[in-house]
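Per-entry structural report
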Amino acid sequence: ETKKGTLDDKTVTWVAMLVQEGEANAADQRLLEFTLLKRHGFRMMRVTLRQVAEACQQQDMSGKPLIIDGRHVALVYFRAGYTPRDYTSDIDWKGYECIELSRAIKCPCISYHLAGTKKVQQKLCEPGEVE
């Protein structure tokens, strides 16, 4: 029998924080983790693009829940994936695709993600683009 609130409890809401491979700076991440748990009862896990890709394993993720290590992820919070350096292989791109196609809420969403890139910002600064 699964106890309410344990790691195996299927009713627990999970947030996946997307981090870079070998991420060592977790102090601020831990504060967010504890706050989510204390205020909202949400559990947080840290994952890399590679781990997400491995969890998807050739599945068509279109509109499906994102399941990582048997845990239903309701929201993916991007702390990585903002620069081309974060995508070193096809596996990294597959992980991103799995997140994007899944039903999980993305924070930020792809629109804000793209708006923050230098190329899009350069284009928006050109005369006639915004007026």
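To be clear, the structure that these remarks concern was listed above.
1. Comments concerning the overall build of the chain
- From N to C terminus, the chain includes 5 helices and 5 strands.
- Starting at the N terminus and walking to the C terminus, you meet the elements of the chain as β-α-β-α-β-β-α-β-α-α.
- Each principal axis of the C-alpha atoms in the chain carries an extent, and together these give about 65 × 35 × 30 Å.
- For the chain, buried positions account for 30% of its 131 residues.
- Here the contacts in the chain between residues at least 6 apart in sequence split such that 69% fall between residues at least 24 apart.
- Accessible surface for the chain amounts to roughly 8800 Å². Of this, 55% is attributable to carbon and sulfur atoms.

2. Structural notes on the layout of surface pockets
- Size it by volume and the largest pocket reaches roughly 160 Å³.
- Looking at the largest pocket, the residues that line it are G81, Y82, T83, P84, Y87, W93, Y96, I110, H113, L114 and T117.
- Those elements that place two or more of their residues in the lining of the largest pocket are α3 (90-101) and α4 (110-115).
- Looking at the lining of the largest pocket, the element that brings in the most residues is α4, giving 3 residues.
- Residue composition of the lining of the largest pocket, grouped by class: 7 nonpolar, 4 polar and no charged.

3. Description of helix α1 (residues 27-40)
- Over its 14 residues, α1 extends 20 Å from the first C-alpha to the last, a length consistent with the 20 Å expected when each residue adds 1.5 Å.
- For α1, the full list of buried residues reads Q29, E33 and L36. All buried residues of α1 fall inside an arc of 65° around its axis, so they share one side. α1 presents A27, L31, K38 and R39 as exposed residues on the side facing more than 90 degrees away from its buried surface.
- The elements touched by buried residues of α1 are β1 (14-18) and β2 (43-47).
- Phi turns positive, to about 75°, at G41, one or two residues after α1.

4. Some thoughts on the pattern of salt bridges
- Inspection of the entire model under this criterion finds 7 salt bridges.
- Overlapping salt bridges bring together R30, E33 and R46 as one network.

5. Re the side chain of K106
- Take K106: it is sitting in strand β5 (residues 105-107).
- Within the local environment of K106, its side chain forms a polar contact with the backbone oxygen of E100, the two atoms lying 3.4 Å apart.
- Of the polar contacts made by the side chain of K106, one reaches the backbone oxygen of S102; its length is 2.7 Å.
- Not counting residues within four places of it along the chain, the set of residues in contact with K106 comprises V76, F78, I99 and E100.

What counts as what
Each chain has its residues counted from 1, running along the sequence as written. Local features in this predicted model are restricted to residues whose pLDDT is 70 or higher, and side-chain atom pairs enter the listing and the counts only when it is 80 or higher, whereas totals over whole chains, interfaces and linings include all residues. Note that water and hydrogens are dropped before the side-chain values are worked out from all heavy atoms of the structure. Starting at the N terminus, helices and strands are each numbered in turn, a helix being any DSSP run of H or I of at least four residues and a strand any DSSP run of E of at least two. Note on classification: 1.4 Å probe, protein chains only; a residue is buried when its accessible area is under 20% of the maximum for its type, exposed when over 50%, partly exposed between these limits. Two residues qualify as a contact provided that any one of their heavy atoms is within 4.5 Å of a heavy atom in the partner residue. We get accessible surface area from the Shrake-Rupley algorithm with a probe of 1.4 Å; when it comes to residues, only the shown protein chains can shield them. Throughout, the protein atoms alone are placed on a 1 Å grid, and a set of points is a cavity if a 1.4 Å probe fits but cannot get out or a pocket if it is open with protein on both sides within 12 Å along at least five of seven lines; lining residues have an atom within 4 Å of a point. Grid points are joined across faces, edges and corners, and a volume is the space filled by probe spheres set on the points. Each residue gets one of three labels, nonpolar for Ala, Val, Leu, Ile, Met, Phe, Trp, Tyr, Cys and Pro, charged for Asp, Glu, Lys and Arg, and polar for the others, Gly among them. The span expected for a helix works out to 1.5 Å for each residue beyond the first. The arc in question is the one traced by the directions running from the helix axis out to the C-beta atoms. Criterion for a salt bridge: a side-chain nitrogen of Lys or Arg within 4 Å of a carboxyl oxygen of Asp or Glu. Any pair of nitrogen or oxygen atoms within 3.5 Å is treated as a polar contact; in protein, a donor-acceptor pairing is required on top of that, and neighbouring residues in sequence qualify only through side-chain atoms on both sides.

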